[in-house]
Amino acid sequence: MTDDQQLRVSKITEGTVIDHVTGGQALNVLAILGIDGSGGEEVSIGMNVPSDRLGRKDVVKVEGRELSQDEVDVLSLIAPAATINIVRDYDVVEKHRVERPGEVVGVLRCPNRNCITTKDEPVDSRFAVLEEGVRCAYCDTIIRESIAEHIHVD
Amino acid sequence: MRDDHIISAKHLSRADIESVLDRAAEIAADPGALADRHDGKLLGMLFFEPSTRTKMSFVTAMRRLGGDIVDMGPVDQSSVKKGESLADTVRVVEGYADALVMRHPLEGSAKMASEFVDVPLINAGDGAGQHPTQTLLDLYTIRESAGFDDLTVGIMGDLKYGRTVHSLAHALTNFDAQQHFVSPESLKLPRGVRYDLHEAGASMREHTDLEEVLETLDVLYVTRIQAERFPDEDEYRKVAGEYQIDAETLADAKDDLVVMHPLPRVDEIAADVDETDHARYFQQAHNGVPVRMALLDQILEGSQ
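Rules of the game
Residues numbered from 1 in each chain as written. Chains lettered and ligands numbered in written order. Predicted model: local features only at pLDDT ≥ 70, side-chain atom pairs only at ≥ 80, totals over all residues. Heavy atoms only, no water. Helix = DSSP H or I, 4+ residues; strand = E, 2+ residues; numbered from the N terminus. Rg over C-alpha atoms; globule rule 2.2 N^0.38 Å. Buried < 20%, exposed > 50% of the residue type's maximum accessible area, 1.4 Å probe, protein only. Contact = heavy atoms within 4.5 Å. Areas by Shrake-Rupley, 256 points an atom, 1.4 Å probe, with all protein chains shown as cover. Lys, Arg positive; Asp, Glu negative; His and termini not counted. Charge placed at Lys NZ, Arg CZ, Asp CG, Glu CD. 1 Å grid on protein atoms, 1.4 Å probe; cavity = no way out; pocket = protein on both sides within 12 Å on 5 of 7 lines; lining within 4 Å. Points joined across faces, edges and corners; volume = space filled by probe spheres on them. Nonpolar A, V, L, I, M, F, W, Y, C, P; charged D, E, K, R; others polar. Core = buried A, V, L, I, M, F, W, Y, C linked by side-chain atoms within 4.5 Å. Salt bridge = Lys/Arg side-chain N within 4 Å of Asp/Glu carboxyl O. Axes fitted to C-alpha atoms, helices over the stretch in contact; angles between N-to-C directions. Parallel < 35°, antiparallel > 145°, perpendicular 65-115°, else oblique. Left-handed = near helix turned anticlockwise from the far one by under 90°. Pairing = 2+ DSSP bridges. Patch = residues over 30% accessible without salt bridge, like charges linked within 9 Å, V, L, I, M, F, W, Y side chains within 5 Å.

### What about the overall build of chain A?
At step 1: When its secondary structure is counted, chain A shows three helices and nine strands.
At step 2: Ordered by position from the N terminus, the helices and strands of chain A form the series α-β-α-β-β-α-β-β-β-β-β-β.
At step 3: Against the 2.2 N^0.38 benchmark of 15 Å for 154 residues, chain A shows a C-alpha radius of gyration of 16 Å, consistent with a compact globule.
At step 4: Dimensions of chain A, computed from the C-alpha atoms along their principal axes, are close to 50 × 30 × 25 Å.
At step 5: Burial status across chain A gives 46% buried among its 154 residues.
At step 6: Across chain A, every contact between residues at least 6 apart in sequence was considered, and the portion connecting residues at least 24 apart equals 59%.
At step 7: As presented, chain A carries roughly 7,900 Å² of accessible surface, and 43% of it is formed by carbon and sulfur atoms.
At step 8: Separation between the mean location of the 17 positive side-chain charges and that of the 28 negative ones in chain A comes to 5 Å.

This is the structure in structure tokens:
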């Protein structure tokens, strides 16, 4: 079964299909979107499904929700091959790959407990996106592994 | 945001550095010449952790320029004790002063504070992060003692948490310098500094044993291995002794090796080194005044 066929068999009405997510990262994608089920969102997840391009991939389908650019930026850190499909009235009206941004603001928590951004100050975390990993713009700490563990959603 | 804050040595170019050092040399040659230059100007002192040399040399520098200081005083007698945020504190004090000098125990604090103020802010040490003005006086001392050409510098001790080390390493990438970093495995340079040095194309090597490089060095910059950084005291004892030097250690060094230390030292440099021609750490500390006068002069001129 090709990726396209998979998309056809489970269409949503309005919302977003995030496809080609790195296998095993679907729950982190939901964390980035701030979805934990308590808000009543209608969500479908496929985890580690076969993919022509990736071998194994995750797919997240969110009914009634389009992603903001900030959300897409962070998604790109944990799922660099992801494609975003915007669905309206059952049709995919927009389809694009995520692009790694220059920086991400307010979505990752710095792992350095001595970083000013982890304290009660009126400042958002800010990370420059490197070729491999991200770097805190305040304390210079570099995160290369398990970036998803540092996602901070209020 | 204004662009004349001094936050990190990463942002200092060779031209920036040489401009301050040249001015500092002029000032050192005639310290009284600037006595009234900044009459009426005030420097806000925000020291959230203890300091002797840095604070006193800034106070001295400002007064030798004809200006004065307003000092927040000890943290436990300030509104910080009541839970005031750093962002609020700096926004209040910027209204009292023409420039701010800040030391704070948290990394990134100076950068954050600079985003909230419209007067120049100088980072006088942010946790284990950066200490750019120390680096300027270190470079002044190096230029005076060994020059900047074809320089081989050894930096030894706590390289992980040593903010003076991080700033110096960044600044040296502007010069024709080979850098040798000597430390226990557990106190190696942080990933961020190594990344920057690599990006800058710096010539650098890491060692655990000073003997591997001592004979090649023009400058040996020693810092204290901090017992409090180790999970247990035995671990500390195992390594600390290997990073102490005395006159005998230096027997194999070049005759004109310059030994530096940001101070305070504890036992990493034995007193018998003080009597050798290698010792330059007290002169290094004295250089803090002309260098900070040069820097303040530049900043206060710019802010007029």
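### Quick word on the layout of surface pockets
It is a probe the size of a water molecule, rolled over the atoms, that shows where empty space is left.
Residues and elements named next belong to chain B.
At step 1: A volume near 660 Å³ is recorded for the second largest pocket.
At step 2: For the lining of the second largest pocket, the elements supplying multiple residues, two or more each, are helix H2 (53-64) and helix H6 (163-172).
At step 3: In the lining of the second largest pocket, the residues fall into seven nonpolar, 12 polar and eight charged.

### Let's talk about the nonpolar core
A general feature of soluble globular proteins is that nonpolar side chains tend to end up buried together.
At step 1: Counting residues in hydrophobic clusters, the biggest one holds 57 residues, and the most contacted among them are Ile18 and Leu108 of chain A.
At step 2: Setting aside anything within four residues of it in sequence, one finds isoleucine 18 of chain A in contact with Val29, Leu33, Asp58, Val59, Val60, Leu67, Leu75, Ala82, Thr83 and Ile84 of chain A.
At step 3: If you look at the next biggest cluster of nonpolar residues, it comprises 55 residues, including Ile6, Val59, Leu172 and Val258 of chain B.

### Some remarks on the pattern of salt bridges
Residues and elements named next belong to chain B.
At step 1: Taken as a whole and judged by the stated rule, the model has 27 salt bridges over all chains.
At step 2: Between aspartate 218 and lysine 254 there is a salt bridge, with the nearest N and O atoms lying 2.8 Å from each other. Of this pair, aspartate 218 sits in the loop between strand E7 (203-207) and strand E8 (219-222) while lysine 254 sits in the loop between helix H8 (233-240) and strand E9 (258-260), and the two are 36 residues apart along the sequence.
At step 3: Overall, the relative accessible area of 13% leaves aspartate 218 in the buried class.
At step 4: Overlapping salt bridges, with partners in common, bring together Arg23, Glu26, Arg37, Asp297 and Glu301 in one network.

### Examining the side chain of serine 57 of chain B
All names here are of chain B.
At step 1: Among the secondary structure elements, serine 57 is positioned in helix H2.
At step 2: Taking the relative accessible area as the measure of exposure, serine 57 reaches 6% and is therefore buried.
At step 3: In this structure serine 57 touches Gly288, Val289 and Arg292, once residues within four positions along its chain are discounted.

### Looking at the packing of helix H5 (residues 132-145) of chain B against H6 of chain B
All names here are of chain B.
At step 1: Viewed as axis vectors pointing N to C, H5 and H6 meet at an angle of 60°, and their least axial separation amounts to 9 Å. The orientation of H5 relative to H6 falls into the category oblique. Between H5 and H6 the crossing geometry is right-handed. Residues Pro132, Gln134, Thr135, Asp138, Leu139 and Ile142 of H5 lie in contact with H6, whose contacting residues are Thr164, Ser167, Leu168, Ala171 and Leu172.
At step 2: Taken together, the residues that form the contact of H5 with H6 break down as six nonpolar, four polar and one charged.

### Quick look at the sheet that holds strand E1 (residues 42-47) of chain B
Residues and elements named next belong to chain B.
At step 1: Read from one edge to the other, the open sheet built from four strands follows the order E2-E1-E3-E4, with strand pairing classed as parallel. One side of each edge strand has no neighbouring strand; the edge strands of this open sheet are strand E2 (68-71) and strand E4 (121-126). Between one strand and the next, the sheet's axes are offset by a mean angle of 20°, whatever the strand orientation.
At step 2: Bridging between strand E3 (residues 99-104) and E4 involves four bridges; their strand directions are parallel. Among the inter-strand pairings, leucine 100 is bridged to a residue of E4, identified as leucine 121.
At step 3: Packing against the sheet, H2 makes contact with E1, E2, E3 and E4, and its axis sits at approximately 175° to E1.

### Observations concerning the side chain of asparagine 123 of chain B
At step 1: Locating asparagine 123 of chain B in the fold gives a position in strand E4.
At step 2: For asparagine 123 of chain B, the residues in contact, after removing those within four places along its chain, are Ile6, Ile7, Met102, Ala110, Gln130, His131, Pro132 and Thr133 of chain B.

### Some points on a negative patch on the surface
At step 1: Residues Asp209, Glu211, Glu212, Glu215, Glu242 and Asp252 of chain B make up a contiguous surface patch of negative charge.
At step 2: Mapped onto the fold, glutamate 215 of chain B is located in the loop between E7 and E8.

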